[in-house]
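So you can see what is in the structure, the chains are spelled out below.
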Amino acid sequence: MSGETKQRISELEAEIVRLKEAQPTLRDQFAMAALATIGAMLSDDMAECAYEIADAMMEARNAKS
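Residues numbered from 1 in each chain as written. Predicted model: local features only at pLDDT ≥ 70, side-chain atom pairs only at ≥ 80, totals over all residues. Heavy atoms only, no water.

Draft legend 1. Structural view of a negative patch on the surface. Judged by side-chain charge, Glu48, Glu52, Asp55 and Glu59 come together as a negatively charged surface patch. Tracing the chain through its elements places Glu59 in helix 3 (residues 46–64). For Glu59, a relative accessible area of 58% corresponds to the exposed category. (Patch = residues over 30% accessible without salt bridge, like charges linked within 9 Å, V, L, I, M, F, W, Y side chains within 5 Å. Areas by Shrake-Rupley, 256 points an atom, 1.4 Å probe, with all protein chains shown as cover. Salt bridge = Lys/Arg side-chain N within 4 Å of Asp/Glu carboxyl O. Lys, Arg positive; Asp, Glu negative; His and termini not counted. Charge placed at Lys NZ, Arg CZ, Asp CG, Glu CD. Helix = DSSP H or I, 4+ residues; strand = E, 2+ residues; numbered from the N terminus. Buried < 20%, exposed > 50% of the residue type's maximum accessible area, 1.4 Å probe, protein only.)

Draft legend 2. Structural detail: the pattern of salt bridges. Under the defined criterion, the tally for this structure stands at three salt bridges. The salt bridge partner of Glu15 is Arg18, with a shortest N-O separation of 2.7 Å. Linking Glu15 with Arg18, this pair stays in helix 1 (residues 3–22), spanning three residues, or about one helical turn. According to the relative accessible area criterion, Glu15 is partly exposed, its value standing at 34%. Given the relative accessible area of 44%, Arg18 is considered partly exposed. Where Arg61 meets Asp28, a salt bridge forms, and the shortest distance between an N and an O atom there is 3.0 Å. Linking Arg61 in helix 3 with Asp28 in helix 2 (residues 26–41), this pair joins segments that are 33 residues apart in sequence.

Below you can see the structure in the form of structure tokens.
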């Protein structure tokens, strides 16, 4: 196997790891489902509230990492 092929394989393996880490966890999926339910109960400023909740969830997720 050539050095170029080994390098490409290494790059592809790193990309696979990155993509697996980017997938939502089961906890993330439960949070999304809860957010959808909460959103369905809201009436006023629903979109703004959803983005505020999404921002808070991203902050909490990043703090965990």
